[in-house]
Amino acid sequence: MAHATRCTRSMESKGWYWDRDATCTTQAFFGQAVVGTVTYNAVLAGQYFMIVNLKMSERTIAKKYEKVMHILPFLMWIVTAIIGISFDALDSGILQLLDYTRPNQLCGRR
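Remember, predicted model here, so these are calculated numbers, not experimental data. In this numbering scheme, every chain counts its residues from 1 along its sequence in written order. Local features in a predicted model are, by the rule used here, given only for residues with pLDDT of at least 70; side-chain atom pairs are given and counted only at 80 or more, and totals for whole chains, interfaces and linings are based on all residues. Each side-chain value is derived from all of the structure's non-hydrogen atoms; neither hydrogens nor water enter the calculation.

Regarding the overall build of the protein
Moving on, step 1. Scanning the protein from terminus to terminus reveals 5 helices and 2 strands.
Moving on, step 2. Using a 1.4 Å probe on the protein chains alone, a residue whose accessible area is under 20% of its type maximum counts as buried, one over 50% counts as exposed, and one in between counts as partly exposed. Relative to its full complement of 110 residues, the protein shows a buried share of 25%.
Moving on, step 3. Carbon and sulfur atoms make up 65% of the accessible area of the protein, which amounts to about 8,300 Å² in all. Counting from the N terminus, the helices are DSSP H or I runs at least four residues long and the strands are E runs at least two residues long. Values of accessible area rely on a 1.4 Å probe in the Shrake-Rupley scheme; residue burial ignores everything except the protein chains shown.

Thoughts on the confidence of the model for the protein
Moving on, step 1. Counting all residues, the mean pLDDT for the protein is 76, and 64% of those residues have values of 70 or more.
Moving on, step 2. Residue-level confidence of the predictor, termed pLDDT, takes values from 0 up to 100. No element of the protein has a lower mean pLDDT than strand E1 (residues 7-9), at 43, and none a higher one than helix H3 (residues 58-64), at 96.
Moving on, step 3. Segment residues 1-14 is flagged for pLDDT under 50; beyond a separation of four residues in sequence, or across chains, it makes 25 contacts in the model.
Moving on, step 4. What makes two residues a contact is simply this: any of their non-hydrogen atoms within 4.5 Å. In this model residues 94-100 is a low-confidence stretch, pLDDT under 50, and it forms 15 contacts with partners more than four residues away in sequence or in other chains.

Some remarks on the packing of aromatic side chains
Moving on, step 1. Centres within 6.5 Å are what make two rings of Phe, Tyr or Trp a pair, Trp counting through its six-membered ring; a difference in plane orientation under 30 degrees is then read as stacked, over 60 as edge-to-face, and the rest as tilted. Applying the stated criterion across every chain yields a total of 4 aromatic pairs.
Moving on, step 2. Judged by centre distance (6.2 Å) and plane angle (40°), the rings of Phe30 and Trp77 are tilted. One end of the pair, Phe30, is in helix H1 (residues 20-31); the other, Trp77, is in helix H4 (residues 66-86), with 47 residues separating them in the sequence.
Moving on, step 3. Relative to Trp77, the ring of Phe74 lies with its centre 5.8 Å away and its plane at 70°, an arrangement referred to as edge-to-face. With a gap of 3 residues between them, Phe74 and Trp77 both fall in helix H4, about one helical turn apart.
Moving on, step 4. Three or more aromatic residues joined by ring pairs form one cluster here, namely Phe29, Phe30, Phe74 and Trp77.

Topic: H4
Moving on, step 1. Residue count minus one, scaled by 1.5 Å, sets the expected span of a helix. If you check H4, its first and last C-alpha atoms are 31 Å apart, about what 21 residues at 1.5 Å a residue would give, namely 30 Å.
Moving on, step 2. Those residues of H4 that sit buried are Met69, Pro73, Trp77, Ala81 and Gly84.
Moving on, step 3. Asp88 occupies a position one or two residues after H4 and carries a positive phi of about 50°.

Describing the packing of helix H2 (residues 33-52) against H4
Moving on, step 1. At a minimum axis separation of 8 Å, H2 and H4 run at an interaxial angle of 155°. For the element pair H2 / H4, the angle class is roughly antiparallel. Note on packing geometry: the crossing formed by H2 with H4 is right-handed. Only Met69, His70, Leu72, Pro73, Met76, Trp77 and Thr80 of H4 make contact with H2, whose side of the interface consists of Ala33, Val35, Gly36, Thr39, Tyr40, Val43, Gln47 and Met50.
Moving on, step 2. When residue character is reported, Ala, Val, Leu, Ile, Met, Phe, Trp, Tyr, Cys and Pro are called nonpolar, Asp, Glu, Lys and Arg charged, and the others, Gly included, polar. A class-by-class count of the residues in the contact of H2 with H4 yields 10 nonpolar, 5 polar and no charged. Axis definition: a line fit to C-alpha positions, over the contact stretch in the case of helices; interaxial angles, taken between N-to-C directions, run 0 to 180 degrees. For this classification, under 35 degrees means roughly parallel, over 145 means roughly antiparallel, 65 to 115 means roughly perpendicular, and everything else is oblique. Here is the rule for handedness: rotate from the far helix to the near one, and if that takes an anticlockwise turn smaller than a right angle the crossing is left-handed, while a clockwise turn gives right-handed.

Describing the environment of Asp88
Moving on, step 1. Its place among the elements puts Asp88 in the loop between H4 and helix H5 (93-99).
Moving on, step 2. In this structure the C-alpha to C-alpha distance between Asp88 and Thr25, which are 63 residues apart in sequence, comes to 8.5 Å.

Right, dumping it as structure tokens:
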């Protein structure tokens, strides 16, 4: 379950900081954009395949497939990010690795 973001007063720094769990979840949500990037690269490769190997014109591709080619990567990102948050499966990967050396300082599972 996603945690609510709350702003808390830090006694050590006498400043404001965002709740650690909410910050990490947000970072991981936007980190899922990598899925959209990979999907967009696959779509672009498919477009090149259609142009070069299938000899389709760019106009035909634009009419029949362009909308889907732009929507698919975005949906892949949003759907995987929402599913990940729903099952509390997202965590910021590199910060989770660093968390083992400095517990309670960075993102990671407790």
